[in-house]
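# Structural features, examined
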Amino acid sequence: MVSLETLPDMIDITAVAADTRLSDVDRICDIAKAYHCASTITLPCYLARTMKNTIGYELLHGSVTGFPYGGELTSTKVYEAKQLELLGAQEIDMVMNIGAFLSGNLKYTKQDITAVCEAVKVPVKVIIETALLDEAQIAKASELVASAGAPWVKSSTGFHGKPTTVEIVRIMKEAAGENVKVKAAGGIRDLDTMLEMADAGAERFGLGGRSCENIFLELDRRLGRENLMEYIK
């Protein structure tokens with residue numbers, strides 16, 4: 001069972017919105033360093049900055065490809081993934097081709113995922129965008145990600161309004177199987193939900209900077225310790 005003390009170790013703190021500024025990137029780096037998060041994930045153009053800002057800290061550096069809609073050519077996703085790896089990305093979150101999946105073109109969807117996973121040596125987390133899928137489709141997409149050879153399946157970009165739930169995490173984990181890890185992201189706002197998701201099979205969480213701030217404020221309060229946010233500029 002996951003404890004409050006170790007929960008930050010499972011958090012990817014992100015700055016991936018279209019209006020992300022350098023100040024947003026710098027802040028998530030500061031929060032990640034203070035709370036010992038698993039990683040920072042930023043848009044490709046900011047990857048070098050997160051790496052520079054976290055020198056000397058045991059943090060992974062991640063970025064995204066095919067983001068946020070997944071409709072790019074497979075060759076485009078592959079090229080971007082390779083470039084990110086060359087720049088130092090240690091993890092890559094990619095969006096599957098959601099339109100192809102919903103059209104029933106599962107062969108293309110699977111090939112798209114496999115091509116990116118085989119193009120790089122770093123772990124790829126495949127975003128299936130659960131906000132646009134029903135439960136049966138969530139299970140099917142999770143199975144497809146597993147069969148494509150991806151090590152991670154991720155729920156959502158968080159850009160479509162419908163939050164990821166504990167039940168969604170449970171469906172993803174059961175469908176993907178023991179060899180594929182689950183990352184929960186999108187609309188996660190409180191510690192209790194995160195703990196329930198961890199029990200349901202989530203091994204990583206994707207949280208935006210603002211969500212992280214609120215969650216860590218609550219974490220410090222529950223642990224009865226000084227609020228670390230006060231020391232983050």
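Now for a look at the structure at hand. Sequence order as written defines residue numbering, which begins from 1 separately in each chain. The model is predicted, so local features are restricted to residues of pLDDT at least 70 and side-chain atom pairs to those at 80 or more, both for listing and for counting; the totals for chains, interfaces and linings are taken over all residues. Excluding hydrogens and water, the side-chain figures rest on all heavy atoms present in the structure.

### Here's the deal with the nonpolar core
Worth spelling out the cut-off: Note on terminology: a nonpolar core comprises buried Ala, Val, Leu, Ile, Met, Phe, Trp, Tyr and Cys residues joined through side-chain atoms within 4.5 Å. Partly exposed residues are those whose accessible area sits between 20% and 50% of the maximum for their type, while under 20% is buried and over 50% is exposed, using a 1.4 Å probe and protein chains only. What counts as a helix is a DSSP run of H or I of at least four residues, what counts as a strand is a run of E of at least two, and both are numbered from the N terminus. Any pair of residues with heavy atoms lying within 4.5 Å of one another is described as a contacting pair.
One finds Ile113, Ile128, Phe205 and Phe216 to be the most contacted residues of the largest nonpolar core, which totals 74 residues. Here the element with the most residues in this core is helix α7 (residues 166-176); it accounts for seven residues. In this view, isoleucine 113 contacts Met94, Met96, Val126, Leu144, Val145, Ala148 and Ala150; residues no more than four positions away in its chain are not counted.

### Some details on the packing of α7 against helix α8 (residues 191-200)
The test is simple: Where helices are involved, their axes are fitted lines through C-alpha atoms of the stretch in contact, as for all axes, and angles between N-to-C directions lie from 0 to 180°. Should an angle fall under 35 degrees it is called roughly parallel, over 145 degrees roughly antiparallel, and 65 to 115 degrees roughly perpendicular, with every other angle called oblique. Note: crossing handedness is left-handed where the near helix turns anticlockwise from the far helix by less than a right angle, and right-handed where it turns clockwise.
The interhelical angle for the contact between α7 and α8, taken along N-to-C directions, is 20°, at an axis separation of 9 Å. The angle between α7 and α8 falls in the class roughly parallel. As for the relative orientation of α7 and α8, their crossing is right-handed in sense. Of the residues in α8, those touching α7 at Val166, Val169, Arg170 and Lys173 are Thr193, Glu196, Met197 and Ala200.

### Considerations on the pattern of salt bridges
Put simply, the test is: Every case where a carboxyl oxygen of Asp or Glu lies within 4 Å of a side-chain nitrogen of Lys or Arg is listed as a salt bridge.
Taken as a whole and judged by the stated rule, the model has 17 salt bridges. Between lysine 125 and aspartate 93 there is a salt bridge whose closest N-O contact spans 2.9 Å. Taken together, the residues lysine 125 in strand β5 (residues 124-127) and aspartate 93 in strand β4 (residues 91-95) connect sequence positions 32 residues apart. Among the residues examined, aspartate 93 registers a relative accessible area of 0% and is labelled buried. One salt bridge in this structure joins lysine 183 and aspartate 93, with 2.8 Å as the shortest N-O distance. Note that lysine 183 is positioned in strand β7 (residues 181-185) and aspartate 93 in strand β4, a separation of 90 residues in sequence. It is possible to trace a salt-bridge network through shared partners that takes in Asp12, Glu91, Asp93, Lys125, Lys154, Lys183 and Arg204.

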